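Letter by letter, the chains look like this.
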Amino acid sequence: DTEVTQTPKHLVMGMTNKKSLKCEQHMGHRAMYWYKQKAKKPPELMFVYSYEKLSINESVPSRFSPECPNSSLLNLHLHALQPEDSALYLCASSQGLTSGRAKNIQYFGAGTRLSVL
Amino acid sequence: ELKVEQNPLFLSMQEGKNYTIYCNYSTTSDRLYWYRQDPGKSLESLFVLLSNGAVKQEGRLMASLDTKARLSTLHITAAVHDLSATYFCAGGVSTASKLTFGTGTRLQVTL
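Keep in mind the model is a prediction, meaning the values are calculated, not measured. (Residues numbered from 1 in each chain as written. Chains lettered and ligands numbered in written order. Predicted model: local features only at pLDDT ≥ 70, side-chain atom pairs only at ≥ 80, totals over all residues. Heavy atoms only, no water.)

Caption draft 1: Representation of empty space enclosed by the protein within the structure. All names here are of chain A. Scanning the entire structure with this criterion turns up 2 cavities of 30 Å³ or more. If you add up the space inside the largest cavity, you get close to 60 Å³. Reported here for the second largest cavity is a volume of approximately 40 Å³. Lining the second largest cavity we find His29, Arg30, Ala31, Met32, Tyr49, Tyr51, Glu52, Cys68 and Ser71. (1 Å grid on protein atoms, 1.4 Å probe; cavity = no way out; pocket = protein on both sides within 12 Å on 5 of 7 lines; lining within 4 Å. Points joined across faces, edges and corners; volume = space filled by probe spheres on them.)

In structure tokens form, the structure reads like this:
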């Protein structure tokens, strides 16, 4: 099973709202990721959690706040977003970095399509 | 910083024809991934290439890696309509979790 589950599938929010995106995996993966993808563009990395600790923040504005409550769950808290933040938000997970030639393939969820009005 | 370029950006091909998508990367990367994305959908892992000369095949798709030339190719044999999608290559290194994606190649297979 290589399933990464994201909820909700669609989200419409105003610029003053607070909302959260959720991501869950049960593959025993120790690395989890948030990406943002605009139409016809590649995914852009936002955050990486490794062993439940934030290891990479790609200079993402503070209106995006990630949280990793446990090794299976990843949240992205949204507050005071701008219309240009409208995009597909993808969560991914992988085994994490290990020694040797581990493949560390990232498996992606179906995404949350976010519209900010 | 690793940079990854793909070409072409758009490829329209007839069913039954062969073609190749190219993926160049700028600095040392010891792993190269290929993903497929259908419109409005998530990314599906196709291949991971870990060493120079690696070749992987699945159905009508074959991926290869030349680390000396910093080049990976995705070869499509006898294309069928079901292969229409956007294909991304992504480079990574074993010491970091970060993937750097190429620009993507939108493949359209016509009858």
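Caption draft 2: Expanded view of unusual backbone geometry. Residue A:Pro8 is reached from A:Thr7 by a cis peptide bond, and omega for that bond is -10 degrees. With respect to the element layout, A:Pro8 can be found in the loop between strand S1 (4–7) and strand S2 (10–13). The step from B:Asn7 to B:Pro8 runs through a cis peptide bond, and the omega angle for that step is 0 degrees. Relative to the helices and strands, B:Pro8 resides in the loop between strand S1 (4–7) and strand S2 (10–14). Positive phi, normally seen in glycine, also occurs at A:Ala80, with a value near 55 degrees. Since its relative accessible area comes to 31%, A:Ala80 is described here as partly exposed. (Helix = DSSP H or I, 4+ residues; strand = E, 2+ residues; numbered from the N terminus. Buried < 20%, exposed > 50% of the residue type's maximum accessible area, 1.4 Å probe, protein only.)

Caption draft 3: Quick peek at the state of the cysteines. Following the criterion strictly, the structure yields 2 disulfides over all chains and no others. Residue A:Cys23 pairs covalently with A:Cys91 via a disulfide, S to S 1.9 Å. Across the disulfide from A:Cys23 to A:Cys91, rotation about the S-S bond amounts to roughly -70 degrees, and the bridge is consequently left-handed. Pair noted here: A:Cys23 is in strand S3 (residues 18–25) and A:Cys91 is in strand S9 (residues 87–94), with a separation of 68 residues, a long-range link. An identical accessibility class is assigned to A:Cys23 and A:Cys91; each is buried. Paired by a disulfide, B:Cys23 and B:Cys89 hold their sulfur atoms 2.0 Å apart. Disulfide B:Cys23-B:Cys89: the torsion about the S-S bond is 85 degrees, which places it as right-handed. Residue B:Cys23 is found in strand S3 (residues 19–25), and its partner B:Cys89 is found in strand S9 (residues 85–92); the two are separated by 66 residues along the sequence. Overall, B:Cys23 belongs to the buried group, its relative accessible area being 0%. Exposure remark for B:Cys89: the relative accessible area of 0% places this residue in the buried category. (Disulfide = S-S within 2.5 Å.)

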